[in-house]
Amino acid sequence: SSTKAKWLDMDLEGLAEAKIKHLNDTYWTTYVAKYPIVGRLVDPPYNAAEYDKFAGPYASFRARQVSWKAAPAKRKSKCPVTNAVRAVGKMVVSLIPKQLAPPSWSE
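Cut-off values and rules
- Residues numbered from 1 in each chain as written.
- Predicted model: local features only at pLDDT ≥ 70, side-chain atom pairs only at ≥ 80, totals over all residues.
- Heavy atoms only, no water.
- Helix = DSSP H or I, 4+ residues; strand = E, 2+ residues; numbered from the N terminus.
- Buried < 20%, exposed > 50% of the residue type's maximum accessible area, 1.4 Å probe, protein only.
- Contact = heavy atoms within 4.5 Å.
- pLDDT = per-residue confidence, 0-100.
- Salt bridge = Lys/Arg side-chain N within 4 Å of Asp/Glu carboxyl O.
- Expected span 1.5 Å × (residues − 1).
- Bend = angle between axes of the 7 residues up to and from the residue.

Colleague: Help me out: how do you make sense of the overall build of the chain in this one?
Modeller: Counting its regular elements, the chain contains 3 helices and 0 strands. In sequence order, the secondary structure elements of the chain are arranged as α-α-α. Scored against the burial criterion, the 107 residues of the chain give a buried share of 6%. The contacts of the chain with a sequence gap of at least 6 include a subset with a gap of at least 24, amounting to 53%.

Here is the structure:
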């Protein structure tokens, strides 16, 4: 896929019916499953009804409720070598003057 300006915002006019069906199937089975639709434009800058045959009736569309989950906490390593390296690193950092140390939020 290209992101060049000439390939963006193109009309579906002249596209073969089989290609449109393939694009529609791909959209609903792949992208909507991965990236849920969370909203709908109240006043879109185009006639949304023209695309009903591809995506279903726009007027009856309802956004899905999305629950955001926090990333799981990183588990602490049980490897003794990793723990030793981490301890040595903390000790070295404690010896560096605060003015030379990296910011605390970079850890």
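Colleague: I tried to follow the environment of Asn24 on my own but got confused; where do I start?
Modeller: Within the fold, Asn24 resides in helix H1 (residues 17-34). Between the C-alpha atom of Asn24 and that of Phe54, which follows or precedes it by 30 residues, the distance is 6.2 Å. Discounting residues that sit within four places of it in the chain, Asn24 has contacts with Phe54 and Ala55.

Colleague: Teacher, can you tell me more about the confidence of the model for the chain here?
Modeller: Predicted coordinates in regions of low pLDDT should not be interpreted in detail. Model confidence for the chain is summarised by a mean pLDDT of 78, while 86% of its residues fall at 70 or above. By mean pLDDT, helix H2 (residues 52-55) is the weakest element of the chain at 74, and helix H3 (residues 80-95) is the strongest at 89.

Colleague: Can you walk me through the pattern of salt bridges in this structure?
Modeller: Pairs can form between side chains of opposite charge whenever their charged atoms are close. Under the counting rule described, the total for this entry stands at 1 salt bridge. For Asp25, the salt bridge identified is with Lys21, shortest N-O distance 3.2 Å. Residue Asp25 and its partner Lys21 are both found in helix H1; the two are separated by 4 residues, about one turn of the helix.

Colleague: Sorry if this is basic, but what is going on with H1 here?
Modeller: An α-helix turns once per 3.6 residues; consequently, residues spaced three or four apart project the same way. Compared with an ideal rise of 1.5 Å per residue, which puts 18 residues at 26 Å, H1 spans 25 Å between its outermost C-alpha atoms and is within 8% of the ideal. Of all the bends found along H1, the most pronounced is centred on Tyr27 and spans about 35°.

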